[in-house]
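# Breakdown of the fold
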Amino acid sequence: MTEPPRSQFLSLHLIETLAAVLPVRDENGQPKSLVFGGVERHMITSQARRRAERVHARNRANAGLGELKGRSMGVRTREWALLAGRELESAHGWDRDRALVTARAVMEASGLKFGDPKKKTVANLTKVLIFAPSDAGAKIARHIVDRPAEVEEWRDAYLEAQARIEATRKTRRGARSKDTAEPDAEETPAETARAVALPPLPTATRDAVLLALAPRDAVDIALYGRFLAEIPDSPNVDGAVQTGHAFTVHEAEQIEDFYAAADDAKLDRKRNALDFLDAADDAGAGMTGYQSLISGTFYRHAVLDRKQLRVNLRVAGMDEAEAEQVASEAEKEFVNSFVEAFPEAKKNSTASTGSLPALVLAFEGERPYNYASAFQRPVDEGPLSTGGEGPAGPAAVRRLLRHHTFVSRRRGDLRTTRLLTYDPEIDLLLGELELPESLSVVERSEDLTP
């Protein structure tokens, strides 16, 4: 029997319960939150979720695991000049300083902005994160070693021109400070350009840098997209994955956990003290503090646009057959990452990355579907006997499935609905509920997508 054509969008919805964790924090170190349904909810941002999923898929592929094993993946970093310089040094035998100065110069002349050269910590870092295929640094290095004379002649002229520009700026700043009594007066970029012109990067080298940094066949860039504004002619990618912020289905609950850390050396002295006065000198904790922790049942949601994914892969240069195969592999790996991955903040002190979802709902449709409205009214965790909904996990599962069943009766495009649970109590609950015949329960994450 021929499989019916698949819909454009795969919608994923998940219920998970977390206890005493802190996956994301705001600028004050506090849990992130939002107000929804008239009450404050804890929130795990989509950015944190997407990065966890993207890195999870990349690490599996690089380790030869999962559907994308052996496929090209991306790296998001400010260190591309450092990576290219290390490649010149380790693989091609260049001196370290020569390698780094050359790599930084060609990338800067391509249009990328770098940190202040007077500050060693940022001098060789781009000002923005750049999401590019993991072999971009190696490709830039290979181009440089293929034409070292041309590139180094240009580099020397470029660095000399930069030095003249800096000298001109210092001279003009000194003159202006005398005239205006403003020691920090700066010249305009137009004035600097009139003083000294930087030699343009050879066309072949600029093209090589742009090609190295282009998305090419990196599958995670096709999935999650990228935006690089600094180089106008470097292609951007509209991601195929849409991710919503996760939030608690009930009102936020937060504790301030006081902790005391022991000083091992101090305790050893106290343990071996000869009299009580020596022991008293070493009393007390090594350090104390507070950390905010949250608990709750979260709803989260993501959508895969299958059409956009295939467009991105075709634009990357794949033919139709290859794009179809890679898209199918990427979809399965995306679903696996959605279920398995978790932000790693505070993982060692909270074991948060060991959590498994209580329920995953997956279905296809001709448009994305977000079921956040099912939880606009906060779950009342009071006893069922007094009108409450009981524990938030089962209550959220009941609400989500009731909401989906209601929507499916009114939307004819919803199909291939599948459920996965890792919670035996939820498994029993599913057996008690009146679920549509079109819905199937699966036991593995790879079975969530046809």
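Residues numbered from 1 in each chain as written. Predicted model: local features only at pLDDT ≥ 70, side-chain atom pairs only at ≥ 80, totals over all residues. Heavy atoms only, no water.

- Going by an unreviewed UniProt entry, the protein chain carries the name CRISPR-associated protein and comes from Streptomyces tsukubensis.

### A closer look at the overall build of the protein chain
- Looking only at helices and strands, the protein chain has 15 helices and 12 strands in total.
- Along the first, second and third principal axes, the C-alpha set of the protein chain runs to 85 × 80 × 50 Å.
- Counting all 450 residues of the protein chain, 46% fall into the buried class.
- Partitioning the contacts of the protein chain with sequence separation of at least 6, the portion at a separation of at least 24 is 75%.
- A total accessible area of about 23200 Å² is found for the protein chain, and carbon and sulfur atoms account for 50% of it.
- The averaged location of the 70 negative side-chain charges in the protein chain is 4 Å from the averaged location of its 61 positive side-chain charges. (Helix = DSSP H or I, 4+ residues; strand = E, 2+ residues; numbered from the N terminus. Buried < 20%, exposed > 50% of the residue type's maximum accessible area, 1.4 Å probe, protein only. Contact = heavy atoms within 4.5 Å. Areas by Shrake-Rupley, 256 points an atom, 1.4 Å probe, with all protein chains shown as cover. Lys, Arg positive; Asp, Glu negative; His and termini not counted. Charge placed at Lys NZ, Arg CZ, Asp CG, Glu CD.)

### Side note on unusual backbone geometry
- With a phi close to 55 degrees, Ala351 is a non-glycine residue in the positive phi region.
- Mapped onto the fold, Ala351 is located in the loop between helix H13 (347–350) and strand S10 (359–365).
- Backbone geometry at Thr416 places phi at a positive 45 degrees, although glycine is not the residue there.
- As for its position among the elements, Thr416 is in strand S11 (residues 415–420).
- The partly exposed category is assigned to Thr416, whose relative accessible area is 25%.

### Some remarks on the packing of helix H2 (residues 80–92) against helix H4 (residues 136–146)
- Between H2 and H4, whose axes approach to 8 Å, the crossing angle comes to 55 degrees. Between H2 and H4, the crossing angle belongs to the class labelled oblique. Taken as a pair, H2 and H4 cross one another with a handedness that is right-handed. Residues Trp80, Ala84, Glu87, Leu88 and His92 of H2 form the contact with H4, whose participating residues are Ala136, Gly137, Ala138, Ile140, Ala141, Arg142, Ile144 and Val145.
- Of the residues assigned to the contact of H2 with H4, the class counts are nine nonpolar, two polar and two charged. (Axes fitted to C-alpha atoms, helices over the stretch in contact; angles between N-to-C directions. Parallel < 35°, antiparallel > 145°, perpendicular 65-115°, else oblique. Left-handed = near helix turned anticlockwise from the far one by under 90°. Nonpolar A, V, L, I, M, F, W, Y, C, P; charged D, E, K, R; others polar.)

### Things to note about the nonpolar core
- In this structure, Leu12, Leu223, Leu304, Leu309, Leu313, Phe334 and Leu448 are the most contacted members of the largest nonpolar core, which totals 31 residues.
- Broken down by secondary-structure element, the contributors of at least two residues to this core are strand S1 (9–21), helix H1 (46–62), helix H8 (219–224), strand S9 (287–305), helix H11 (306–315), helix H12 (320–340) and S10.
- With eight residues, H12 is the largest single contributor of residues to this core.
- Contact partners of Leu304, with chain neighbours within four places excluded, come to Gln8, Phe9, Leu10, Leu223, Ala240, Val241, Leu309, Glu331 and Phe334.
- Among the nonpolar cores identified, the runner-up in size contains 28 residues, and Ala99, Val106, Ala212 and Leu213 belong to it. (Core = buried A, V, L, I, M, F, W, Y, C linked by side-chain atoms within 4.5 Å.)

### As for the environment of Arg271
- Looking at the secondary structure, you find Arg271 in helix H9 (residues 264–271).
- A C-alpha to C-alpha distance of 58 Å links Arg271 and Ala374, two positions 103 residues apart in sequence.

### So, the pairing of strand S2 (residues 33–36)
- Bridge count between S2 and strand S3 (residues 39–44): four bridges; the pairing is antiparallel. When the bridges of S3 are listed, Val35 appears paired with Glu40.
- Between the antiparallel neighbours S2 and S3 lie two residues, among them Gly37 with a positive phi of about 65 degrees. (Pairing = 2+ DSSP bridges.)

### Digging into a negative patch on the surface
- A surface patch of negative charge is lined by Glu40, Glu251, Glu253, Asp380 and Glu381.
- Here Glu253 is to be found in strand S8 (residues 253–261).
- Given the relative accessible area of 47%, Glu253 is considered partly exposed. (Patch = residues over 30% accessible without salt bridge, like charges linked within 9 Å, V, L, I, M, F, W, Y side chains within 5 Å. Salt bridge = Lys/Arg side-chain N within 4 Å of Asp/Glu carboxyl O.)

### Thoughts on H2
- Between its first and last C-alpha, H2 extends 17 Å over 13 residues, near the 18 Å set by a 1.5 Å rise per residue.
- Buried within H2 we find Trp80, Ala81, Leu82, Ala84, Gly85 and Leu88.
- Elements that come into contact with the buried residues of H2 comprise strand S4 (74–77), helix H3 (96–109), strand S5 (130–133), H4 and helix H7 (203–213).
- Of the residues flanking the end of H2, it is Gly93, one or two places downstream, whose phi is positive at about 75 degrees. (Expected span 1.5 Å × (residues − 1).)

### Quick word on the packing of aromatic side chains
- A full pass over the atoms with the stated rule returns eight aromatic pairs.
- Here the aromatic rings of Phe247 and Tyr299 are separated by 5.8 Å at their centres, their planes lie at 65 degrees, and the arrangement is edge-to-face. Residue Phe247 is found in strand S7 (residues 246–248), and its partner Tyr299 is found in strand S9; the two are separated by 52 residues along the sequence. Each member of the pair, Phe247 as well as Tyr299, carries the same accessibility label: buried. (Phe/Tyr/Trp six-rings, centres within 6.5 Å; stacked < 30°, edge-to-face > 60°.)

### Brief notes about the pattern of salt bridges
- This structure, assessed with the given rule, holds 25 salt bridges.
- A salt bridge links Lys347 to Glu344; the shortest N-O distance between them is 3.4 Å.
- The exposure class assigned to Lys347 is partly exposed, which follows from its relative accessible area of 33%.
- Here Glu446 ties to Arg444 by a salt bridge, and the two come within 2.5 Å at their closest N and O atoms.
- What emerges from the salt-bridge pattern is a single network uniting Arg6, Arg306, Glu331, Glu364 and Arg415.

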